[in-house]
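Summary of the model geometry
Chain residues, written in single-letter form:
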Amino acid sequence: MPQPKPVDCIISARWILPITPAGKLFRDCSLVIHKGCIQAIRPSDNVLQDFTPTQHVQLNEHVLMPGLVNAHTHAAMSLLRGYADDLPLMRWLKDHIWPAEKRFVDADFVHDGTQLAMAEMLRTGTTCFSDMYFFPDAAAAAVHQAGMRAQITFPIMDFPTSWATDADNYIHKGLMLHDDYRSHPRIRIGFGPHAGYTVSDIPMRRIAVLAEELQAPVQIHLHETATEVLQAVDATGIRPIERLMDLGVLTPLTQCVHMTQLSDGDIDLLQESGASVIHCPESNLKLASGICPVQKLMNRGITIGLGTDGSASNNDLDMFGEITTAALVGKVAAHDAAALSAWQVLHMATLGGAKALGLDSQIGSLEVGKAADVIAVQLDELSSLPLYDLASHLTYSNRRTRVTHSWVAGKLLLRDGELTTLNETELRNRALHWQHVIQPPAAKPESLA
Ligand SMILES: [Zn+2]
């Protein structure tokens, strides 16, 4: 009789929702993990006949599913949560966010803010995120230490900030970072041209050439508001997406964030180019930017990921909340309650995001050979009962507080609600430190903790 094979870990759970194949749900099965990857999915009653685990985790009232992929955020902006609200995008940026960033953002700010964001993300089921922020070296270092997975896109703009002086300088610094992380197993560095209206043609062309050479991802805010599109048409005679196409920036490596203002011609260009879309419904609602026509894009086979955007415009990094919002808004946008089903939104928040980020061969579903990026959600509390349809509960009944465990590449980063690589007391102290340093103009200090 063959000896059981030694493996690092077995997680036995009430349910496993692998995302692929679509609609599949395993009951009373176990996920077998070895060297950071999924080795097998087996019925729990006989898994120990074939495998001997170093660690065996029993989660009898939980569902295991792929870790959520937050495909667009500005992690360090967790330190600017609630700093300025209830304003339209350009006033919010120009009068509040950009001046605050000029005053306060440095490598320490980004390190502390990224750690704070990762604590929130791990607790709410996100195991991989895409970041776009200044001092991306500080963000990457924080991700490396915490053990999460990330796409870090370094920002590029025409104008100076505390991180770089001009577009060439942003690109130069970003390329050095790309070199540093070239072979990192969990961190991928990409280009983050901020938007069409902040990056001129010459750097855009350079980004197109370099991204192609390095096969590196490009993430850009695009068609976020009607004003952005109208002003571009006034200035150039063409829409921002047409300009990107002309400059060679729109390719399968490109991730277009927001896309709330789309003509049929824009959708044709998206489909033709193979670029993906990152949907950030809560940020779009809060800034009254508009609504991305997600079902329409899905019908055309365009890859769509889901993102929270930064904490200053959301104001949280809770992907389960975003899943609920995406499902609801998707139905209103399509004038059809059957649009954007629970399964479709769960797919968007996992494998869709992974595909948009070019990581779908590694993550996004629980399949043999993929990295063990896994979360456990507990479903035995009264508000989860009775339970007829697991995808329905995960989508429409907000589950964020029920995430108990998060693994990245087989490493346990959240154990029974406790972070294993981030120090909560330290994070609390640093957050309070920044609260005292950053005083919002309208804040009344006596009302703050
Ligand atoms: Zn953004």
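Residues numbered from 1 in each chain as written. Predicted model: local features only at pLDDT ≥ 70, side-chain atom pairs only at ≥ 80, totals over all residues. Heavy atoms only, no water.

1. Quick word on the overall build of the chain
- Summing up its helical and strand segments, the chain has 15 helices and 16 strands in all.
- In terms of overall dimensions, the chain has a C-alpha envelope of 75 × 50 × 45 Å along the principal axes.
- In the chain, which comprises 449 residues, the proportion classed as buried is 57%.
- A separation threshold of at least 6 residues defines the contact pool for the chain, and within that pool the share at least 24 residues apart is 71%.
- Only carbon and sulfur atoms are counted for the fraction: they give 52% of the accessible area of the chain, which is about 18000 Å².
- Positive and negative charge centroids in the chain, built from 35 and 49 side chains respectively, lie 3 Å apart. (Helix = DSSP H or I, 4+ residues; strand = E, 2+ residues; numbered from the N terminus. Buried < 20%, exposed > 50% of the residue type's maximum accessible area, 1.4 Å probe, protein only. Contact = heavy atoms within 4.5 Å. Areas by Shrake-Rupley, 256 points an atom, 1.4 Å probe, with all protein chains shown as cover. Lys, Arg positive; Asp, Glu negative; His and termini not counted. Charge placed at Lys NZ, Arg CZ, Asp CG, Glu CD.)

2. A word on helix H2 (residues 89-104)
- The sharpest bend along H2 reaches about 35 degrees and sits at Ile 97, with the proline Pro 99 one to four residues further on.
- Restricting attention to buried positions, one finds in H2 the residues Leu 89, Trp 92, Leu 93, Ile 97, Ala 100, Glu 101 and Phe 104. (Bend = angle between axes of the 7 residues up to and from the residue.)

3. With respect to the side chain of Ser 289
- Tracing the backbone through its elements, the reader meets Ser 289 in the loop between helix H10 (281-286) and helix H11 (294-299).
- The class of Ser 289 is buried, set by a relative accessible area of 5%.
- Excluding residues that lie within four positions of it along the chain, Ser 289 makes contacts with Glu 224, Thr 225, Thr 260, Gln 261 and Asn 284.

4. Regarding the pairing of strand E10 (residues 254-258)
- Burial runs high along E10: 5 of the 5 residues are buried.
- Bridge count between strand E9 (residues 218-222) and E10: 5 bridges; the pairing is parallel. Counted as the bridge partner of Gln 219 is Gln 255 from E10.
- Summarising the sheet, E10 and strand E11 (residues 276-279) pair through 3 bridges and their orientation is parallel. Looking at E11, one finds that Cys 256 is bridged to Val 277. (Pairing = 2+ DSSP bridges.)

5. Describing unusual backbone geometry
- The peptide bond linking Asn 314 to Asn 315 adopts the cis configuration, its omega dihedral lying at 15 degrees.
- Topologically, Asn 315 is positioned in the loop between strand E12 (304-306) and helix H12 (319-334).
- Omega for the peptide link from Leu 385 to Pro 386 comes to -5 degrees, which places this bond in the cis form.
- Even without being a glycine, Asp 309 presents a positive backbone phi close to 65 degrees.
- Not every positive phi belongs to a glycine, and Ala 409 is a case in point at roughly 50 degrees.
- Within the secondary structure layout, Ala 409 lies in the loop between strand E14 (403-408) and strand E15 (411-415).

6. Topic: the packing of aromatic side chains
- Overall, the coordinates contain 5 aromatic pairs when judged by the stated rule.
- With a centroid separation of 5.1 Å and 55 degrees between ring planes, the pair formed by Tyr 133 and Phe 134 is classed as tilted.
- Take Phe 134: its relative accessible area is 6%, and that puts it in the buried class. (Phe/Tyr/Trp six-rings, centres within 6.5 Å; stacked < 30°, edge-to-face > 60°.)

7. Let's talk about the coordination of the zinc ion
- The protein atoms that coordinate the zinc ion are His 72 (NE2), His 74 (NE2), His 221 (NE2) and Asp 309 (OD), at distances spanning 2.1 to 2.3 Å.
- One can describe the donor arrangement at the zinc ion as irregular, given that its 4 donor atoms subtend angles of 86 to 170 degrees at the metal.
- Read from N- to C-terminus, the donor residues coordinating the zinc ion fall into the pattern H-x1-H-x146-H-x87-D. Per residue, the accessibility class of His 72 equals that of His 74, and both read buried. (Donors = N, O, S within 2.8 Å, 3.2 Å for Na, K, Ca; no water. Tetrahedral: all angles 85-135°; square planar, octahedral: opposite > 155°, others 65-115°.)

8. Section: the sheet that holds strand E3 (residues 37-43)
- Reading across from one edge, E3-E2-E1-E4-E13-E14-E15-E16 is the order of the 8 strands in this open sheet, with mixed pairing throughout. Lying at the two open borders of the sheet, with one neighbouring strand each, are E3 and strand E16 (418-419).
- Across 6 bridges, the pairing between strand E2 (residues 26-34) and E3 is antiparallel. Bridging across to E3, Val 32 finds its partner in Ala 40.

9. Topic: the environment of Asp 201
- Positionally, Asp 201 belongs in helix H6 (residues 201-214).
- For Asp 201, a relative accessible area of 36% translates into the label partly exposed.
- Sequence spacing of Asp 201 and Leu 285 is 84 residues, and the spatial spacing of their C-alpha atoms is 30 Å.
- Apart from residues no more than four positions distant in its own chain, Asp 201 is found in contact with Arg 243 and Leu 247.

10. Let's talk about the nonpolar core
- Core analysis: the biggest nonpolar cluster contains 113 residues, and Phe 109 and Leu 270 have the highest contact counts within it.
- With 7 residues, helix H3 (residues 107-123) is the largest single contributor of residues to this core.
- There are two domains that each give this core at least three residues, and those are domain 1 (5-66 + 364-419) and domain 2 (68-356).
- Beyond its immediate stretch of four places on either side in the chain, Leu 270 contacts Ile 241, Cys 256, Met 259, Leu 262, Ala 275, Val 277, Leu 297 and Ile 302.
- With 17 residues, the next largest nonpolar core counts Ala 13, Leu 59, Leu 366 and Leu 412 among its residues. (Core = buried A, V, L, I, M, F, W, Y, C linked by side-chain atoms within 4.5 Å. Domains from an automatic or database assignment.)

11. Some points on the pairing of strand E13 (residues 374-378)
- Among the 5 residues that make up E13, 5 are buried, leaving the element largely enclosed by the rest of the structure.
- Residues of E13 alternate between two faces, with Val 374, Ala 376 and Gln 378 on one and Ile 375 and Val 377 on the opposite face, all of them buried.
- Pairing of strand E4 (residues 51-66) with E13, which is carried by 5 bridges, proceeds in the antiparallel orientation. Bridge pairing in E13 links His 62 to Gln 378.
- The pairing of E13 with E14 spans 4 bridges and is classified as antiparallel. Within the sheet, the bridge partner assigned to Val 377 lies in E14 and is Val 403.

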